[in-house]
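As a plain string of letters, each chain reads:
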Amino acid sequence: PAGVAADWTMPQNWSQFSADDHRTWDQLVARQSQALGGFASQAFLDGLDILHLAGPGIPDLADLNPRLKAATGWEIVPVPGVIPNEPFFRHLAERRFPAANFLRGADSLDYSEEPDMFHDLFGHLPMLTNPVFADFLVAYGKAGLRAETLGAADYLGRLYLHTVEFGLVREAGGIRAYGAGLLSSIAETVHAVTSPDARRLSFDLARVMRSDYLFDEFQPTYFVIESFEHLLKETDETDFTPIYARLKALPLLAPGETAKGDIPFFT
């Protein structure tokens with residue numbers, strides 16, 4: 001697209017955002033941040049404090065990036081929206097988080113059809129202040145680049161969806177949300193953490209990578225990790241190649257489908 005570099009990055013042009021945009025951001029942050037106590041991982045809540053995302057107004061990356069870099073060496077790079085796999089994986093492997101450079105309208109506070117700036121900045125960045133989770137995303141990006149060469153990127157896409165977007169973690173004698181898809185939607189956060197109708201399984205790498213997901217409804221199944229250290233170890237130390245080979249011989253599991261070996265998560 002015009003104005004976008006070969007790696008899909010673009011200038012933020014903070015001055016382009018209107019007064020209405022800044023008011024919409026403030027509304028989104030106020031609604032979401034006040035409702036997350038008792039549902040969000042402590043790592044996420046700590047990250048909100050470190051990054052000062054509560055406003056007022058859309059964050060200027062010139063101010064936000066130094067705080068994020070000081071925490072874990074990461075930076076945010078603006079992109080026009082969803083970008084192709086290869087540049088996405090490469091940015092993550094090199095500690096750059098691609099964030100959409102547009103904001104949903106005031107008439108779409110509850111839902112954005114495409115991940116927008118609120119989803120990417122408020123939902124994802126607080127977790128990137130956590131050193132272990134930040135290292136996990138680097139390991140994920142490197143695994144993604146390898147998967148691209150093997151024709152296995154879809155498996156990594158499902159891993160991302162069920163962890164980075166909709167992941168739950170054992171914490172505080174129960175479960176808490178750390179996935180950005182949850183933490184930018186209070187309704188699904190509450191559902192995932194508290195509803196008796198939500199199916200929660202203990203994290204299993206191969207099971208996650210063969211599990212399809214929904215785009216426009218609550219996920220019927222959530223995967224719970226024991227810790228961020230465990231998630232990093234699983235991603236950094238596993239040889240994915242034989243897992244891909246095994247999964248290619250198995251059918252994709254539909255959202256909510258039960259599989260042999262599933263381990264329900266109990267606190």
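A quick note: this is a predicted structure, and the numbers were derived from the prediction, not measured.

S.K.: Run through the overall build of the protein chain, naming residues and quoting values.
M.R.: Of regular secondary structure, the protein chain possesses twelve helices and six strands. Relative to a compact globule of 267 residues, whose C-alpha radius of gyration would be 18 Å, the protein chain shows 18 Å and is just as compact. On the principal axes, the C-alpha backbone points of the protein chain span a range of 55 × 40 × 35 Å. Within the protein chain, the fraction of its 267 residues that count as buried is 52%. When the accessible surface of the protein chain is summed, it comes to about 11,900 Å², and 53% of that surface belongs to carbon and sulfur atoms.

S.K.: Quick rundown of the packing of aromatic side chains? Include the residues and the values.
M.R.: Inspection of every chain in the model, using the stated rule, returns 15 aromatic pairs. With centroids separated by 5.3 Å and ring planes inclined at 75 degrees, the aromatic side chains of tyrosine 213 and phenylalanine 215 adopt a geometry described as edge-to-face. For phenylalanine 215, a relative accessible area of 68% translates into the label exposed. Here phenylalanine 240 and tyrosine 244 contribute two aromatic rings whose centre-to-centre distance is 5.9 Å and whose plane-to-plane angle is 40 degrees, an arrangement assigned as tilted. On the criterion of helical spacing, the pair formed by phenylalanine 240 and tyrosine 244 is a turn pair, its members being four residues apart in helix α12 (residues 240-248).

S.K.: I'd love a proper account of the pattern of salt bridges, names of residues and values included.
M.R.: Tallied over the entire structure, the rule returns eight salt bridges. Here arginine 90 and glutamate 86 are joined by a salt bridge, their closest N and O atoms 2.7 Å apart. With arginine 90 and glutamate 86 both in helix α4 (residues 85-93), this residue pair falls four residues apart, about one helical turn. What makes arginine 90 partly exposed here is its relative accessible area of 36%. Judged by relative accessible area, glutamate 86 falls into the partly exposed class, the value being 32%. Its salt-bridge partner being arginine 207, residue aspartate 262 comes within 2.7 Å of it at the nearest N-O pair. Taken as a pair, aspartate 262 in the segment after α12 and arginine 207 in helix α10 (residues 205-209) lie far apart in primary sequence, 55 residues in all. Overall, the relative accessible area of 18% leaves aspartate 262 in the buried class. Note on arginine 207: relative accessible area 9%, which makes it buried.

S.K.: Explain unusual backbone geometry to me, and be specific about the residues and the numbers.
M.R.: Phi is positive for histidine 52, close to 55 degrees, though the residue is something other than glycine. Mapped onto the secondary structure, histidine 52 falls in the loop between α2 (42-51) and α3 (61-72). Of note in this structure, arginine 95 is not a glycine but carries a positive phi near 60 degrees. Within the element layout of this structure, arginine 95 appears in the loop between α4 and β2 (96-100). Overall, the relative accessible area of 25% leaves arginine 95 in the partly exposed class.

S.K.: Give a detailed account of the environment of phenylalanine 39, specifying residues and quantitative values.
M.R.: Within the element layout of this structure, phenylalanine 39 appears in the loop between α1 (19-33) and α2. Between the C-alpha atoms of phenylalanine 39 and alanine 71, which are 32 residues apart in sequence, the distance is 23 Å. For phenylalanine 39, the contacting residues outside a window of four places in its chain are Arg176, Ala177, Thr189, Val190, Val193 and Thr194.

S.K.: Describe the nonpolar core, with residues and values.
M.R.: Within soluble globular proteins, side chains that are nonpolar tend to cluster in buried spots. Within the largest apolar cluster, 80 residues are counted, with the highest numbers of intra-cluster contacts made by Leu137, Tyr140, Leu156 and Met209. For this core, the element with the most residues is helix α6 (residues 131-150), which contributes ten residues. Ignoring anything within four residues of it in the chain, the contact list for leucine 156 reads Phe89, Tyr140, Ala143, Gly144, Ala147, Met209, Phe240 and Tyr244.

S.K.: Please set out α2 residue by residue, giving values where relevant.
M.R.: Along α2, the positions that sit buried rather than exposed are Ala43, Phe44, Gly47, Leu48 and Leu51. An end-on view of α2 places all buried positions within 145 degrees of arc, on one side of the element. The distance from a side-chain oxygen at the start of α2 to the backbone nitrogen of alanine 43 is 3.2 Å, and the residue carrying that oxygen is serine 41. Looking one or two places after α2, you find histidine 52, whose phi comes out positive at around 55 degrees.

Calculation criteria
Note that residues are indexed from 1 along each chain, following the sequence as it is written. Local features in a predicted model are, by the rule used here, given only for residues with pLDDT of at least 70; side-chain atom pairs are given and counted only at 80 or more, and totals for whole chains, interfaces and linings are based on all residues. Side-chain metrics in this entry use all non-hydrogen atoms of the structure; hydrogen atoms and water are not considered. To qualify as a helix, a DSSP run of H or I must reach at least 4 residues; to qualify as a strand, a run of E must reach at least 2; elements of each kind are numbered from the N terminus. We compute the radius of gyration over the C-alpha atoms and compare it with the globule rule, which gives 2.2 Å times the number of residues raised to the power 0.38. Whether a residue is buried, partly exposed or exposed follows from its accessible area with a 1.4 Å probe, protein chains only, as a fraction of its type maximum: under 20%, in between, or over 50%, in that order. Only the protein chains shown count as cover for residues, and all accessible areas are computed by the Shrake-Rupley method using a 1.4 Å probe. Pairing of aromatic rings covers Phe, Tyr and Trp, the last through its six-membered ring, and needs centres within 6.5 Å; plane angles under 30 degrees mean stacked, over 60 mean edge-to-face, and all others mean tilted. Throughout this description, the term salt bridge denotes a Lys or Arg side-chain nitrogen within 4 Å of a carboxyl oxygen of Asp or Glu. Contacts are assigned to residue pairs that have any heavy atoms within 4.5 Å of one another. The term nonpolar core refers to a set of buried residues drawn from Ala, Val, Leu, Ile, Met, Phe, Trp, Tyr and Cys, joined through side-chain atoms within 4.5 Å. Directions pointing from the helix axis toward each C-beta atom define the arc. Here a polar contact is recorded for every N or O atom pair within 3.5 Å, except that within protein the pair must consist of a potential hydrogen donor and a potential acceptor, and residues adjacent in sequence are included only if both atoms are side-chain atoms.

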